[in-house]
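Inside the fold
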Amino acid sequence: ELPEVGKVLKKGDEAAVVESVKAASEIYAPVSGTVTEVNEALNGEPGLINSDPEAGGWIFKIAIADAGEPDGLLDDAGYADLTK
């Protein structure tokens, strides 16, 4: 379930739901803002989230409301360390 374009989210709000064979998982907004675009390709090929997460598997784009909120997010190196 993708969010609607124009939906206003606060950091931590449920933005989307991803369903698998075994479970449904909520996707939470990493920052506050307004959804500007959703990846409609996921409706036909949801596996893109796993097979191509950094290119074709994006879920939604958001116009950030508070420019300081991204400062608390992990960068590539921080995420790599977390997932070792």
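Above this text sits the structure in question.
All values derive from a computational prediction rather than experimental measurement.

1. Remarks on the pattern of salt bridges
Applying the stated criterion to the full structure yields two salt bridges. In this structure, E37 and K61 form a salt bridge, with 3.7 Å as the shortest nitrogen-oxygen distance. With E37 in strand β4 (residues 33-38) and K61 in strand β5 (residues 60-64), this residue pair connects regions lying 24 residues apart in the sequence. Here K84 and D81 are joined by a salt bridge, their closest N and O atoms 3.5 Å apart. The pair formed by K84 and D81 is uniform in burial state, with each residue classed as exposed.

Reading the values: rules and limits
All chains use their own residue numbering, which begins from 1 and follows the written sequence. For this predicted model, a pLDDT threshold of at least 70 governs which residues receive local features, and a threshold of 80 or more governs which side-chain atom pairs are given and counted, while totals over whole chains, interfaces and linings are taken from all residues. For side-chain calculations, the full set of non-hydrogen atoms in the structure is used, while hydrogens and water are omitted. One side-chain nitrogen of Lys or Arg within 4 Å of one carboxyl oxygen of Asp or Glu is enough to make a salt bridge. A run of H or I in DSSP counts as a helix once it spans at least four residues, and a run of E counts as a strand once it spans at least two, with each numbered from the N terminus. Note on classification: 1.4 Å probe, protein chains only; a residue is buried when its accessible area is under 20% of the maximum for its type, exposed when over 50%, partly exposed between these limits.

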